[in-house]
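# Structure at a glance
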Amino acid sequence: MANQDEIELLTAEVKSLRQQLSKMQVVESQRREAQDRYSGILDIAHEGIISINETQQILVFNHGAETIFGYAADEVLGKPLSILMPSRIADTHQRHMSNFAASSVPTRRMAERTEVYGLRKDGREFPAEASISKLDEDGRQIFTVFLRDISDRKQAEAELQRRTEELEQFANVA
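To start, this report covers the structure provided alongside it. (Residues numbered from 1 in each chain as written. Predicted model: local features only at pLDDT ≥ 70, side-chain atom pairs only at ≥ 80, totals over all residues. Heavy atoms only, no water.)

### Here we look at the environment of Arg-18
Residue placement: Arg-18 occurs in helix H1 (residues 2–44). According to the relative accessible area criterion, Arg-18 is exposed, its value standing at 61%. In the structure, Arg-18 is positioned 134 residues away from Asp-152 in sequence and 59 Å away in space, judged by C-alpha atoms. (Helix = DSSP H or I, 4+ residues; strand = E, 2+ residues; numbered from the N terminus. Buried < 20%, exposed > 50% of the residue type's maximum accessible area, 1.4 Å probe, protein only.)

Below is the structure:
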């Protein structure tokens, strides 16, 4: 009789394990779907989206970032963020990142203190608009930058300023 009880107990345990496995498979499938959806959202964004770890190694580099900087993602993943910025601002950027990491603020516009510049693969600098957020993930901080190249806007502003000055000079002469 004990054998029959043991068999029934083992059968119930196997049934329970199968149910748990089935639930885990559903959760894993949902996680994969969410990850695919997240990846799709990142890839269609025009803005450059770059995530880095605490040591400023690049973890995420979306299609928008590839277009802006001229690098393919596989060329920069795992590399230091400094390859994407002019060397003259690297030390200042490092200080700002340390201060941001230590602060309780979860997100901030990066141009609050100074203008932001990026460095393309071909060595050309460009002005940018950027915001940064941080996320604690398993005791580590992950930083994500949303970056927009504003070269065209800056050029249009400079042209508008030039024309305004010409008009003012013309008005003074008249």
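### Re the pairing of strand S4 (residues 116–119)
Here 4 bridges tie S4 to strand S5 (residues 125–137), and the two strands are oriented antiparallel to one another. When the bridges of S5 are listed, Leu-119 appears paired with Glu-125. The hairpin turn running from S4 into S5, its antiparallel successor, is 5 residues long, and Gly-123 in that turn takes a positive phi close to 95 degrees. (Pairing = 2+ DSSP bridges.)

### Observations concerning the environment of Ser-87
Of note, Ser-87 is situated in the loop between helix H3 (73–76) and helix H4 (90–102). Once the C-alpha coordinates of Ser-87 and Leu-119 are considered, the two residues, 32 residues apart in sequence, prove to be 9.0 Å apart.

### Here's the deal with the packing of aromatic side chains
Scanning the model with the defined rule gives 3 aromatic pairs in all. Their ring planes at 70 degrees and their centres at 5.4 Å tell us that Phe-69 and Phe-126 sit as a pair that is edge-to-face. Here Phe-69 is found in helix H2 (residues 63–69), whereas its partner Phe-126 is found in strand S5, with 57 residues between them in sequence. Each member of the pair, Phe-69 as well as Phe-126, carries the same accessibility label: buried. Look at Phe-100 and Phe-143: their rings are 6.1 Å apart centre to centre, the planes differ by 50 degrees, and that puts the pair in the tilted class. (Phe/Tyr/Trp six-rings, centres within 6.5 Å; stacked < 30°, edge-to-face > 60°.)

### Quick look at the pattern of salt bridges
This model, assessed by the stated rule, comprises 12 salt bridges. Between Glu-75 and Lys-121 there is a salt bridge, with the nearest N and O atoms lying 2.6 Å from each other. With Glu-75 in helix H3 and Lys-121 in the loop between S4 and S5, this pair connects stretches of sequence that are 46 residues apart. The exposure class of Lys-121 is partly exposed, given its relative accessible area of 42%. What emerges from the salt-bridge pattern is a single network uniting Glu-47, Glu-129, Arg-148, Arg-153 and Glu-157. (Salt bridge = Lys/Arg side-chain N within 4 Å of Asp/Glu carboxyl O.)

### Here we look at the side chain of Gln-56
Its place among the elements puts Gln-56 in the loop between strand S1 (48–52) and strand S2 (58–61). For Gln-56, a relative accessible area of 11% puts it in the buried group. Side-chain polar atoms of Gln-56 contact the side chain of Gln-94, separated by 3.1 Å. With residues near it in sequence (within four places) discarded, Gln-56 still touches Lys-79, Pro-80, Leu-81, His-93, Gln-94 and Met-97. (Polar contact = N/O pair within 3.5 Å; in protein donor to acceptor, adjacent residues only side chain to side chain. Contact = heavy atoms within 4.5 Å.)

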